[in-house]
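Working through the structure, step by step
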Amino acid sequence: MVLFNRLGLADTPKEVFNYRLFWAVGVFGILGAGRGIDEGLVGGMITMQSFKEEFPLEMGSAEEVANRESNITSMVQLGSIGGALLAFLLCDRIGRVRSLQALTLLWGLGFVIVITSFGNIGQILAGRLLAGLGVGMTTVVGPTYLAEVAPKAIRGMLTNIFAGAVYFGVMVAYFANWGCSENISGSSRSQWVIPQSIHIMFAGVIFLASWTVPESPRFLVMKGKDEEALTNLCTLRQLPMDHPSITSEILDVRDQLEREQESTRGSSFYGKLKELFTVPANRYRLMLGVMSQLLGQWSGASAITIYATSFFAALGKTGRSEQLFATCILGVVKFCSAYICAFFLVDFFGRRRSLYTGIMLQTVSICYIAIYLAKIPASARVDDTSGITGSAKRAGIGAIAAIYLSGFGWAMGWNSFQYLVNAEIYPSRLRAIGSSLVMCIHFANQFGNTKAVPSMVIAMTNYGFFFFCTAVCVLGLLWVWFFVPETAGRSLESMDALFALPWHQIGRHGKDLSPVGIDGLNEDDLEKPNVIHRE
């Protein structure tokens, strides 16, 4: 009962937690798998014997080979930058549901082009670039819809279903590569085509399911479709139109929208962009989104996901099958951790405390790996693993365990926070453009990170790279302490009061100094929602 009250569920009607809500959340939440599937599949694809035989990857100098391979692996990330911008243009024009349908078509068609390339590298690049547009859109469309339809008491849990789906995709991809590498002949193109076809399966199922979910009520209010918005909200909440909970939520949405329209009436795209960068409260919101992406990406988790087999090799896993299996276990750890954090931790502990705890776990585990790599010679770890005995051998097992622990810390901290904060802190009219800009930075930064890590490892050595990541984690802890506010339990509309505070008070004292909106009104103070018809 204490947990029930702590989550704020005691004041939420039980009808709100219904199959219509959870089905809609599931359809949009599983979009996160798109990015995860590609991150998990592409590195294994280019190393498969069947792929190497079909495509002339190894022709030319070592630099030409590396450049050719990196072009293939990074093309989805490049397309995703444009996809994040495209999501803004579509989300506020055709809605969240229609945007989902558009992105699944781009995503699926792109990989149809990939698997029908038959030795044409140019076709693979074109297909992955097109698919990247769809994958990039998922990171805006999914979290935006989830944040807008979720009840505030469990908004963190439901929005983070998207973040967990990323690692569901990674896990499925790791096992697909491992299974096909072990069981399908290297002379058959099916060895690399079957794993890639998972993209088409996911895109097709999500496209079909999208016709069964309602449009976001907040988007409909923004477009002046108040009657349809009220109907959709009642459908998602399974409550009658005159219920106080429906009344409160609709009044919140209308109040915020009317205030936004009054202050920014007639604003164009450039007007919204100007508002995002010139209004101090919006600059602070944008800073939270951008810094969470930069610090999260360079904390080491992204590099470990993409280059997992190389790092396991550095820790003494020498056989390819052994490395792939260890990578599969990492995928399982991150997947389970993401959903444990989403369902039980983020709303219970709060965004700020969960982020603190996750980064601290990352810091300790990555620092341990760095110390291990610095103290144990590489020749002893890889070339003569049978010679490692006693404390050194136990330390090596601990280093591998630390990789898995860092995955749990990432899932609890940056992975949960980066999507959630980007979806819930912006006002309705700026949510799409703010999320799109931040996700553009996300993919551009991920592209740079993926390209830079191999060179950093060569220049700094493995242990130097992990010490660098440790320093980034410490910097992240300091940033969270000073700048990140607690938003758990707030309605989306009450965020304005929080960010209206002086910038130096938002992170440290925002929870105590700002009200939570009209949620505290008595039922007698709430009017029955009337449908407003706008010309």
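Residues numbered from 1 in each chain as written. Predicted model: local features only at pLDDT ≥ 70, side-chain atom pairs only at ≥ 80, totals over all residues. Heavy atoms only, no water.

What to know about the overall build of the chain
Across its full length, the chain holds 23 helices and 0 strands. Buried residues in the chain amount to 55% of all 535 residues. Put simply, of all contacts in the chain between residues at least 6 apart along the chain, 81% involve residues at least 24 apart. Surface exposure of the chain reaches about 20,900 Å², of which carbon and sulfur atoms provide 64%. (Helix = DSSP H or I, 4+ residues; strand = E, 2+ residues; numbered from the N terminus. Buried < 20%, exposed > 50% of the residue type's maximum accessible area, 1.4 Å probe, protein only. Contact = heavy atoms within 4.5 Å. Areas by Shrake-Rupley, 256 points an atom, 1.4 Å probe, with all protein chains shown as cover.)

Side note on the pattern of salt bridges
In this structure the tally under the stated criterion is 9 salt bridges. Here E54 ties to R189 by a salt bridge, and the two come within 3.1 Å at their closest N and O atoms. Within this pair, whereas E54 is found in helix α4 (residues 49–54), its partner R189 is found in the loop between α8 (155–183) and α9 (190–209), the two being separated by 135 residues in sequence. Residue classification places R189 among the partly exposed residues on the basis of a relative accessible area of 23%. Salt bridges linked by common partners bring D92, R96 and E148 together as one network. (Salt bridge = Lys/Arg side-chain N within 4 Å of Asp/Glu carboxyl O.)

Here we look at the nonpolar core
Considering soluble globular proteins, one finds that nonpolar side chains tend to be buried as a cluster. Counting residues in each nonpolar core, the largest one holds 125 residues, and the members touching the most others are F28, F51, W192, F466 and F499. The greatest single-element share of this core, amounting to 17 residues, is contributed by helix α21 (residues 428–483). (Core = buried A, V, L, I, M, F, W, Y, C linked by side-chain atoms within 4.5 Å.)

Thoughts on the side chain of Q101
By the element assignment, Q101 lies in helix α6 (residues 96–115). Not counting chain neighbours up to four residues away, the residues in contact with Q101 comprise F207, S210 and W211.

Looking at the environment of G108
You can see G108 is positioned in helix α6. With 91 residues separating them in the primary sequence, G108 and H199 have C-alpha atoms 6.4 Å apart. Not counting residues up to four positions away in its chain, the partners in contact with G108 are I200 and A203.

A word on the packing of aromatic side chains
What the rule picks out here adds up to 17 aromatic pairs. Between F28 and Y145, the aromatic rings sit 3.7 Å apart at their centres with planes inclined by 10°, giving stacked as the arrangement. One end of the pair, F28, is in helix α2 (residues 19–29); the other, Y145, is in helix α7 (residues 121–149), and 117 residues separate them in sequence. For the pair shown, F28 and Y145 are each scored as buried. On the numbers, 6.4 Å between centres and 55° between planes, the contact of Y284 with F483 is tilted. Of this pair, Y284 sits in helix α14 (residues 280–297) while F483 sits in helix α21, and the two are 199 residues apart along the sequence. The ring of F118 carries the charged tip of R189 above its face, separated from the ring centre by 4.0 Å. (Phe/Tyr/Trp six-rings, centres within 6.5 Å; stacked < 30°, edge-to-face > 60°. Lys NZ or Arg CZ within 6 Å of the ring centre and 35° of its normal.)

A few points about the packing of α7 against α21
At a minimum axis distance of 10 Å, the contact between α7 and α21 shows a crossing angle of 140°. Considering the angle they form, α7 stands oblique to α21. Our pair here, α7 against α21, has a crossing hand that is right-handed. In this structure, α7 uses V135, G136, T139, V140, T144 and E148 to contact α21, whose residues at the interface are R431, A432, S435, S436, M439 and F443. Looking at the contact of α7 with α21 residue by residue, the classes come out as 5 nonpolar, 5 polar and 2 charged. (Axes fitted to C-alpha atoms, helices over the stretch in contact; angles between N-to-C directions. Parallel < 35°, antiparallel > 145°, perpendicular 65-115°, else oblique. Left-handed = near helix turned anticlockwise from the far one by under 90°. Nonpolar A, V, L, I, M, F, W, Y, C, P; charged D, E, K, R; others polar.)

Here we look at a nonpolar patch on the surface
Taken together, I371, Y463 and F467 make up a surface patch of nonpolar side chains, about 260 Å² in accessible area. When you line up the elements, Y463 lands in helix α21. (Patch = residues over 30% accessible without salt bridge, like charges linked within 9 Å, V, L, I, M, F, W, Y side chains within 5 Å.)

What to know about the packing of α2 against helix α11 (residues 226–237)
Their axes nearest at 6 Å, the elements α2 and α11 cross at an angle of 100°. The pairing of α2 with α11 is recorded here as roughly perpendicular in orientation. Seen from α2, the contacting residues are R20, L21 and A24; seen from α11, they are T235, L236 and R237. Residue composition of the contact of α2 with α11, grouped by class: 3 nonpolar, 1 polar and 2 charged.

A look at the environment of V290
Looking at the secondary structure, you find V290 in helix α14. A relative accessible area of 18% places V290 in the buried class. Put simply, V290 and V438 are 148 residues apart on the chain and 5.7 Å apart in space, counted from C-alpha to C-alpha. In this structure, V290 is in contact with V438 and I441, ignoring residues within four places of it in sequence.

Regarding α8
Note: α-helices contain 3.6 residues per turn, so residues at a spacing of three or four share the same orientation. End to end, α8 covers 42 Å across 29 residues, agreeing with the expected 42 Å (1.5 Å per residue, within 8%). The axis of α8 is deflected most strongly, by about 30°, at I161. Burial of α8 is extensive: 21 of the 29 residues sit out of reach of the surface. (Expected span 1.5 Å × (residues − 1). Bend = angle between axes of the 7 residues up to and from the residue.)

Some remarks on the side chain of T139
Within the secondary structure, T139 sits in helix α7. Under the relative-accessibility criterion, T139 is labelled buried at 2%. Sequence-distant contacts of T139, that is, excluding residues within four places in its chain, are made with F162, Y419, M439 and F443.

Let's talk about the confidence of the model for the chain
Segments scoring low in pLDDT should not have their predicted coordinates read at a detailed level. Averaged over all residues, the pLDDT of the chain equals 81, while 84% of them reach at least 70. Of all secondary-structure elements in the chain, the lowest mean pLDDT belongs to helix α1 (residues 2–6), at 42, while α6 reaches the highest, 96. In this model, residues 383–387 is a region of pLDDT below 50 whose contacts with residues beyond four sequence positions or in other chains number 4 contacts. Taken together, the stretch residues 517–535 has pLDDT below 50 and engages in 36 contacts with residues farther than four places along the chain or on a different chain. (pLDDT = per-residue confidence, 0-100.)

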